[in-house]
Amino acid sequence: MAHSAGADSLSGLQEGSRTILDHYQSQVRTRRIYTVVSIVIFLIILGASLDFANSANSGKFFERLPYFFDFMKSFVPDSPLEIFRAMFDLPSPFSDGSIKYDYTSDRVWITDSFYIPNFFYQLAITLNIAIVSTILGASGAFVLCFFASTNLVGAGVTRWVVRRIMEIMRAFPEIVVAGLLAAILSIGPISAIIAVWVHTVGALGKLFFEVVENADMKPDEGLRAAGAGWLERVRFAILPQVLPNFVSYTLLRTEINVRASTIIGAVGGGGIGEVFSLSIGRDHAAKTYAIIILLLLTVICVDQFSAWLRRRLIGKQSFEFGQGVA
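Source: prediction; values computed, not measured. (Residues numbered from 1 in each chain as written. Predicted model: local features only at pLDDT ≥ 70, side-chain atom pairs only at ≥ 80, totals over all residues. Heavy atoms only, no water.)

Undergrad: How should the packing of aromatic side chains be read in this particular structure?
TA: Each aromatic ring pair is specified by the distance between its two centres and by the angle formed by the two planes. In total, this model carries eleven aromatic pairs according to the counting rule given. On the basis of an interplanar angle of 50° and a centroid distance of 4.9 Å, the ring pair of Phe-84 and Phe-88 is categorised as tilted. Within this pair, Phe-84 and its partner Phe-88 are both found in helix α4 (residues 80-88), separated by four residues, close to a single helical turn. Relative to Phe-120, the ring of Phe-88 has its centre 5.4 Å away and its plane inclined at 35°; by these criteria the two rings are tilted. Separated by 32 residues along the polypeptide, Phe-88 in helix α4 and Phe-120 in helix α5 (residues 118-145) bring together distant segments of the chain. (Phe/Tyr/Trp six-rings, centres within 6.5 Å; stacked < 30°, edge-to-face > 60°. Helix = DSSP H or I, 4+ residues; strand = E, 2+ residues; numbered from the N terminus.)

This is how it looks when you write it as structure tokens:
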């Protein structure tokens, strides 16, 4: 009897395992079918997109692909040292009276004997646009995010209105807003600052209120039970939890705004983007490569400084997690 009961139990386990295995294999087959269908749909969309691009390019898209890098091959300075001369506004031995080699006239003189190279001066303008707009944008997002959080104001009219405002502010790219403002306020850094500020408020505001909504509400409940007001609960229960993430997102946005300010410069926002657009449009290879190198070094420096500042503000322990395993 015991042997029969054991055999029945073993048979039941085998039957259950077989059912689980069959179910798993069925799921695997279904997933593979979905994967194949997704790849086929993607290839169809990709083919249709390429065909549209070819039609929009007067049928020259595929025909011109073999010549894709011809511009880079021909866009070469007369000497590698020309890049260095263009970067620091030094006289060029190839000077022929044209603006292509006239680097010295662009110097920004501080005193009679000291000058700032033009590209460094324009880069400083771009960095100022990015920093000022980030500070203003982060301040606006900081104020609005608490009124957009469901756990602090509920699902009422206030939250709905604030979220719609932030959606409108980030709906349009910075370059579109800058183009509109340039037509109203004329071209210059002010239009660029406003354009980047508007988008920064909308983008950071969304990130900020999502962080607030994920905060632990137990401290808030304790302060509410003790009779604390709304501002006191935000200040002492929510802000200490979310501030490290706020700082991290703000520093990340600073990096993004440096690149955005460069792009806006190409449409009249001033700074390094404007001179880059002029240089490449006039076929000034040395100036163009000098600007590209400066931009690359700037992005690297901003990224490293941002990482260093995050470590100082948030603490090294947040960055050391998992290093022992690695």
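Undergrad: I tried to follow the nonpolar core on my own but got confused; where do I start?
TA: Side chains of a nonpolar character, in soluble globular proteins, are inclined to be buried together. Membership of the largest hydrophobic core comes to 21 residues, with the highest contact counts inside it found for Cys-145, Phe-146, Leu-152, Val-212, Ile-238, Val-242 and Phe-246. Of all the elements in the fold, those that place two or more residues in this core are α5, α7 (157-171), α9 (189-213) and α11 (230-269). In terms of residues, this core owes the most to one element, α11, which gives six residues. Val-212 has contacts with Cys-145, Phe-146, Ser-149, Asn-151, Leu-152, Ile-238, Val-242 and Phe-246, leaving out every residue within four places of it along the chain. If you look at the next biggest cluster of nonpolar residues, it comprises 17 residues, including Phe-119, Leu-123, Tyr-289 and Leu-295. (Core = buried A, V, L, I, M, F, W, Y, C linked by side-chain atoms within 4.5 Å. Buried < 20%, exposed > 50% of the residue type's maximum accessible area, 1.4 Å probe, protein only. Contact = heavy atoms within 4.5 Å.)

Undergrad: How should I be thinking about the packing of α7 against α9 in this particular structure?
TA: Working note: a packed helix pair is described by the angle between its axes plus the distance between those axes. Two elements in contact, α7 and α9, have axes whose closest approach is 7 Å; the angle formed by their N-to-C orientations is 135°. One element, α7, and the other, α9, form an angle in the oblique class. α7 and α9 meet at a crossing whose hand is left-handed. Side by side, α7 and α9 meet where Arg-163, Met-166, Met-169 and Arg-170 of the first sit next to Val-198, His-199, Val-201, Gly-202, Ala-203, Gly-205, Lys-206, Phe-209 and Glu-213 of the second. (Axes fitted to C-alpha atoms, helices over the stretch in contact; angles between N-to-C directions. Parallel < 35°, antiparallel > 145°, perpendicular 65-115°, else oblique. Left-handed = near helix turned anticlockwise from the far one by under 90°.)

Undergrad: What is the right way to read unusual backbone geometry from this model?
TA: A negative phi angle is the norm for most residues apart from glycine, just as the trans form is the norm for most peptide bonds. At Asp-89, a residue that is not glycine, the phi angle is positive and equals roughly 55°. Relative to the assigned elements, Asp-89 resides in the loop between α4 and β1 (108-109). Residue classification places Asp-89 among the buried positions, given a relative accessible area of 2%. A positive phi angle, close to 65°, is found at Asp-283, a residue other than glycine. Looking at the element boundaries, Asp-283 is found in the loop between α12 (272-281) and α13 (285-314). Classification of Asp-283 as partly exposed rests on a relative accessible area of 44%.

Undergrad: Looking at this model, I keep getting lost on the side chain of Ser-149. Mind explaining?
TA: Considering the arrangement of structural elements, one finds Ser-149 in the loop between α5 and α6 (150-153). Among the polar contacts listed, one links the side chain of Ser-149 to the backbone oxygen of Cys-145, at a separation of 2.8 Å. Setting aside residues up to four positions removed in sequence, Ser-149 forms contacts with Gly-154, Arg-159, Phe-209, Val-212 and Glu-213. (Polar contact = N/O pair within 3.5 Å; in protein donor to acceptor, adjacent residues only side chain to side chain.)

Undergrad: Can you walk me through the confidence of the model for the protein in this structure?
TA: Close inspection of predicted coordinates is inappropriate for parts of the model with low pLDDT. The share of residues in the protein with pLDDT of 70 or more is 91%, and the mean pLDDT across the chain is 85. Mean pLDDT across the elements of the protein bottoms out in helix α2 (residues 61-64) (74) and peaks in α5 (94). (pLDDT = per-residue confidence, 0-100.)

Undergrad: Explain helix α8 (residues 174-185) here, please?
TA: Every α-helix carries 3.6 residues per turn, so stepping three or four residues along brings you back to the same face. In this model, α8 (twelve residues) spans 15 Å end to end at C-alpha, consistent with the 16 Å of a helix rising 1.5 Å per residue. Among the residues of α8, those classed as buried are Glu-174, Val-177, Ala-178, Leu-181 and Ala-182. When α8 is viewed along its axis, its buried side chains cluster within an angular range of 140° and face the same direction. Structural note: α8 exposes Leu-180, Ala-183 and Ile-184 on the side pointing more than 90 degrees away from its buried face. Of the surrounding secondary structure, the elements contacted by the buried residues of α8 are α9 and α11. Looking at the residues trailing α8, positive phi occurs at Ser-186, about 75°. (Expected span 1.5 Å × (residues − 1). Arc of directions from axis to C-beta.)

Undergrad: Looking at this structure, how should I read the packing of α5 against α12?
TA: It is the contact of α5 with α12, at a shortest axis distance of 7 Å, that shows an interaxial angle of 130°. Between α5 and α12, the crossing angle belongs to the class labelled oblique. Touching Asn-118, Phe-119, Gln-122, Leu-123 and Thr-126 of α5 are Ile-272, Gly-273 and Val-275, all from α12. Of the residues contributing to the contact of α5 with α12, the split by class is four nonpolar, four polar and no charged. (Nonpolar A, V, L, I, M, F, W, Y, C, P; charged D, E, K, R; others polar.)

Undergrad: When you look at the pattern of salt bridges in this model, what are you seeing that I'm missing?
TA: A pair can form between side chains of opposite charge whenever their charged atoms are brought close. Under the criterion given, the structure shown has eight salt bridges. Residue Asp-220 pairs with Arg-233 through a salt bridge whose shortest N-O separation is 2.9 Å. Here Arg-233 lies in helix α11 and Asp-220 lies in helix α10 (residues 218-225), a separation of 13 residues in the sequence. The class of Arg-233 is buried, set by a relative accessible area of 10%. (Salt bridge = Lys/Arg side-chain N within 4 Å of Asp/Glu carboxyl O.)

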